[in-house]
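This is what each chain is made of:
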Amino acid sequence: MKKLRHLLLSSLMLCLGNAIAAGAPEVGVSDNSISIGMTAPLSGPNGSYGVEMREVIEASFRQINSSGGIHGRKLQLVALDDGYETDRAVANTRTLINEKKVFALLASYGSSPTTAAMNEVFGPAAVPLIGTISGADSLRQSPKENANSRYMFNVRTSYANESEAIVKHLTALGLNNIAVFYQNDGFGKSGLDGVTAALKRRNLTPSAQGSVERNSLDVGKAAQAIARANPQVVLMVTLYKPSAEFVRLMKKLGQNPQFFALSPVGADLLVGELGAEARGIGIAQVMPYPWNDATPAVREYQRLLSGDKKPTYYGIEAYLMSKTLLDGLRKSGRDLTREKLIASLESMQNHDLGGYRVSFSASDHSGSSFVDLTVIGSGGRVLH
C-alpha cells in the first residue's frame, strides 16, 4: 500500500512538472476560448446603461469570433447584474474571478462600485479590468500610490477634466453664479470635487449645493436649497432619472438656469425622460460623437448596430472599451497570460482606436483626456 501511494504521488508530481514545463494555461483561457467578465446594472433604474453596454460588447465579440477570434480563440462574455449597488458589484466581481474563472474584466459601471471592487477583489487577485463608466480620481492613482491601480485601465477621461472644460466654457461667457447638484456617492463627490477645484482656480466657489442618494429620485430638498441661490447655472453630477426629476422641479419653482451635466447622465436617456424639456441642457462628453461616421471607430460601431438600434454615447464607449481589450489581446500573442495582457496594454502609447486615442504606461493608466461639450437641441438631437 505504501509503495502504491509512492507511485501515485510520483505520477502526480510528474504530471504537474510536465504541465508547468509545457506552460499551464492561464485561468479563463482554453485552446479555443477566452472568458471575459462584466458586472454592471442590468436591471433597476439604471439598468438601461448596462444593458446597452452588454449588447454592444456581445456584438463586438460576435464579429471577432466570426472571423476566427483572437489568435484562434473565441471571446465569451459572462455578464452579471449588480443593480448599480456597491456590495453587489463587489460580490459579482468575486464570483466572476473565483467561480466563473474569467481571464479578465471589462466595462464595469460606477465610481463607488468599481473602486470597492478594485481595492477588495480584482486588484488583490491581479486580474485586469479594462474600462469603467467612471471619471473618479480613486480609479486613477498611480500603482505607486495604490498597488491595486495597476489592474485598472481607464478608457475615458476624469471628472476633473470634464469639470474643467465646463467651468472654463461657462466663465468665459460671464456665468459665475454656478450651483452643483450631485449624487451622494463616489461618483457625485468626485464630480463635485472637480467642479469646486475648477471654480477655485478662478477664485469662485459653488453658489449652492444639493444632493440625491444613489438609485433615488428624492430631489426636493436639493432643488429647494439650490433655488434659493437663484443660480445662473446648475452643474448636475447625477444620472438621467434624478437629473430629469430635478430639472422639472426647478422649473416648477420658477427657476430656469442653464443646466449642464457630466457625461454619465446619458444624453439619449435624458431626452427620453424629459422630452422637449431637455432642449438647451449642456452635456460634457468623453467619447467621439457617435453620429459622425467620418470617424473610423464610430463607423465600425455603427456597423455593429442591428435593427432599430441607434448610436449613443454609451454604445460607442462600450465599443471602445471592447476594442482596447481586443487590441491588447492581439498584442499579447497566442501564449496568453494576464501579465502579458497588462504589459501589452502598458505598451499602448497614444494608441489609435480609430479616431480616438488611449495612452497607458507602467505608471499611468488614465487612458484619455478627451472632452467634448454638447447641447441638446430641438427634437432631442445632440449638437456639438
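Owing to the predicted nature of the structure, the values given are computational and were not obtained by experimental measurement. (Residues numbered from 1 in each chain as written. Predicted model: local features only at pLDDT ≥ 70, side-chain atom pairs only at ≥ 80, totals over all residues. Heavy atoms only, no water.)

### So, the nonpolar core
Applied cut-off: Nonpolar cores were defined as sets of buried Ala, Val, Leu, Ile, Met, Phe, Trp, Tyr and Cys residues, with membership established by side-chain atoms within 4.5 Å. The rule is simple: take the accessible area with a 1.4 Å probe, protein chains only, and divide by the maximum for that residue type; under 20% is buried, over 50% is exposed, in between is partly exposed. Strands here are runs of E lasting at least two residues and helices are runs of H or I lasting at least four, both read from the DSSP assignment and numbered beginning at the N terminus.
Counting residues in hydrophobic clusters, the biggest one holds 115 residues, and the most contacted among them are Ile 36, Phe 122, Phe 246, Ile 281 and Leu 329. The leading source of residues in this core is helix α11 (residues 313-332), at 10 residues.

### Digging into unusual backbone geometry
Of note in this structure, Tyr 84 is not a glycine but carries a positive phi near 60°. You can see Tyr 84 is positioned in the loop between β2 (74-81) and α3 (86-98). Looking at Tyr 84, the relative accessible area reads 2%, which means it is buried. At Lys 101, a position not held by glycine, the phi torsion is positive, near 55°.

### Section: the pattern of salt bridges
Any two side chains of opposite charge can pair, on the condition that their charged atoms come close. Operational definition: The working definition used for a salt bridge is a side-chain nitrogen of Lys or Arg within 4 Å of a carboxyl oxygen of Asp or Glu.
The tally for this structure, following the rule as stated, stands at 15 salt bridges. A salt bridge links Asp 185 to Arg 214, with the nearest nitrogen and oxygen atoms 3.0 Å apart. Within this pair, whereas Asp 185 is found in the loop between β6 (178-183) and α6 (186-200), its partner Arg 214 is found in the loop between β7 (209-212) and α7 (220-227), the two being separated by 29 residues in sequence. For Asp 185, a relative accessible area of 7% corresponds to the buried category.

### Thoughts on the sheet that holds β7
For the record, the criterion: The pairing criterion for strands is at least two bridges between them, as found by DSSP. Contacts were defined at the residue level, with two residues in contact if any of their heavy atoms lie within 4.5 Å. With axes taken as lines fitted to C-alpha atoms, and helix axes fitted only over the stretch in contact, angles between N-to-C directions fall between 0 and 180 degrees.
Spatially, 7 strands are ordered β7-β6-β8-β9-β10-β14-β15 in an open sheet, and the strand pairing comes out mixed. For this open sheet the edge positions go to β7 and β15 (382-383), each flanked by a neighbour on one side alone. Where β6 and β7 come together, 4 bridges link them in parallel fashion. By the bridge assignment, Tyr 182 is partnered in β7 with Ser 211. Lying over the sheet, helix α8 (residues 240-252) contacts β6, β7, β8 (233-237) and β9 (258-261), oriented at roughly 155° with respect to β8.

### Remarks on helix α10 (residues 296-304)
Heads up, the condition is: When we speak of the arc, we mean the arc of directions from the helix axis to the C-beta atoms.
Those residues of α10 not exposed but buried are Ala 297, Val 298, Tyr 301 and Leu 304. All buried residues of α10 project into a common sector of 110° when viewed along the axis, lining one side. On its buried side, α10 packs onto α2 (47-66) and α11.

### With respect to the packing of α10 against α11
Cut-off, in case you're wondering: Each angle receives one of four descriptions, namely roughly parallel if under 35 degrees, roughly antiparallel if over 145, roughly perpendicular if within 65 to 115, and oblique otherwise.
Packing of α10 against α11 brings their axes to within 10 Å, and their N-to-C directions diverge by 105°. Regarding the angle of α10 to α11, the classification is roughly perpendicular. Residues Ala 297, Val 298, Glu 300, Tyr 301 and Leu 304 of α10 form the contact with α11, whose participating residues are Gly 315, Ile 316, Tyr 319, Leu 320 and Lys 323.

### Some points on the sheet that holds strand β11 (residues 351-352)
What the 3 strands build is an open sheet, ordered β11-β12-β13; its pairing is antiparallel. The open sheet has two free edges, formed respectively by β11 and β13 (364-367), since each of these has just one partner strand. Looking at chain direction, β11 and strand β12 (residues 357-361) are connected through 2 bridges and run antiparallel. Directly across from Asp 352, in β12, lies its bridge partner Arg 357.

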